[in-house]
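Chains, contacts and geometry: an overview
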Amino acid sequence: MWLGIAFTLLGGALWGISGTSVQFLTTAGGAPPALVTFMRVLLGGGLFFLFLLARKPGVVRAMFTDPRTVGSLLLFAFALYSNQLCYAQTVQITNAGTATVLQMLGSVFIMLFVCITGRKLPRAKELAGLIIAIVATLLIATQGDFSTLSIPLDGLLWGIGSGATTALYIIAPKRTGLFDRFGSMPAVGAGMFLSTLFAVPGYLAQGGTFASAATVLGGFGWFEWAVFLVGLVIVGTIGGYGFYLHGVSVVGSVRGSLLGAIEPVSATAIAALWLGTAFTGFDLAGMVLMCAMVALMATDDD
């Protein structure tokens, strides 16, 4: 159990490194969020998938020979790509800490989905969690002055989109049975690999070209490549997903969701120490409230 807790905390902390790496690459590195996301799913998903082919070739074969499963994987892949793109866009407009806190709105969207599909009203603690999440978002977005926005509107909207797509990539594999039939690691690896199918048109739709991508990547120095390959792909993507999902498989979804609240703490601390990002008291208060919301809305069963 203690080892599972350690893996879960480590995975959440590594996701924090991922957010700060995105912030560095989209600001100091000059890379558009769509390009960072495209390269992330291409390399991260590719390496993850090669690992699965070496370790579990039979499971991979079973997933890709069933048309219904392929359809479920494509939905999951779209959710994973959309989430990473929304997150990267939010990071560029705001910062890694703020983007990570807004991404935690996923718990609220999951609650709303369950209530709507189950045709039931939220329980008292779920309603309280919704109110806490709204207050946390307002504190971050307005810095205490509710008459005006203190972060760009597009940053807030991308952040809300990040929360919505977080809910989508959590709900989709459960509703389609991917995790139950094949396990979380093979499903995530295949989903990340297939995300490339959406990343290419997503990058081109935002005005990117392969020539401009080559220009941006060609301008990377050794440090930018180190941040991208080590910080974002290996540590933040493969390590983050791998350690976190393995930890959750040991400690359960309830403890996993609570321990995963270390991600905004990690992203905020690393962004402040590494990039010198300044956070106000309202930012920190919003982060604390959002973590409290996750703790409150965690269900009583696994």
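Residues numbered from 1 in each chain as written. Predicted model: local features only at pLDDT ≥ 70, side-chain atom pairs only at ≥ 80, totals over all residues. Heavy atoms only, no water.

Moving on to the overall build of the protein. When helices and strands are tallied, the protein shows 16 helices and 0 strands. Taken over the C-alpha trace, the protein has a radius of gyration of 19 Å; the compact-globule value for 302 residues is 19 Å, and the two agree within 12%. Taking the principal axes of the C-alpha coordinates as reference, the protein spans close to 50 × 45 × 40 Å. For the protein, buried positions account for 51% of its 302 residues. In the protein, 83% of the contacts between residues at least 6 apart in sequence involve partners at least 24 apart. For the protein, the accessible area works out to roughly 13,200 Å², and carbon and sulfur atoms hold 72% of it. For the protein, the distance from the average site of its 13 positive side-chain charges to the average site of its 11 negative ones is 13 Å. (Helix = DSSP H or I, 4+ residues; strand = E, 2+ residues; numbered from the N terminus. Rg over C-alpha atoms; globule rule 2.2 N^0.38 Å. Buried < 20%, exposed > 50% of the residue type's maximum accessible area, 1.4 Å probe, protein only. Contact = heavy atoms within 4.5 Å. Areas by Shrake-Rupley, 256 points an atom, 1.4 Å probe, with all protein chains shown as cover. Lys, Arg positive; Asp, Glu negative; His and termini not counted. Charge placed at Lys NZ, Arg CZ, Asp CG, Glu CD.)

Here we take up the pattern of salt bridges. Following the criterion strictly, the structure yields 1 salt bridge and no others. One salt bridge connects D66 with R181, and the closest N-O pair in it is separated by 3.9 Å. Here R181 lies in helix α9 (residues 178-182) and D66 lies in the loop between α3 (57-64) and α4 (67-93), a separation of 115 residues in the sequence. A residue is classified by how much of its surface remains accessible, and R181, at 40% relative accessible area, is partly exposed. (Salt bridge = Lys/Arg side-chain N within 4 Å of Asp/Glu carboxyl O.)

This next bit is on the environment of L149. Within the secondary structure, L149 sits in the loop between α7 (124-142) and α8 (153-176). Considering only alpha carbons, one finds L149 and L139, 10 residues apart in sequence, at a separation of 9.8 Å. Apart from the residues within four sequence positions on either side, L149 is in contact with A141, T142 and L156.

On to the side chain of N95, then. Summarising the element assignment, N95 is placed in the loop between α4 and α5 (96-103). Look at N95 and you get buried, because its relative accessible area is 11%. At a separation of 3.2 Å, a polar atom in the side chain of N95 contacts the main-chain amide nitrogen of G97. With residues up to four places along the chain from it excluded, the contact list for N95 reads Q23, T90, T277 and F279. (Polar contact = N/O pair within 3.5 Å; in protein donor to acceptor, adjacent residues only side chain to side chain.)

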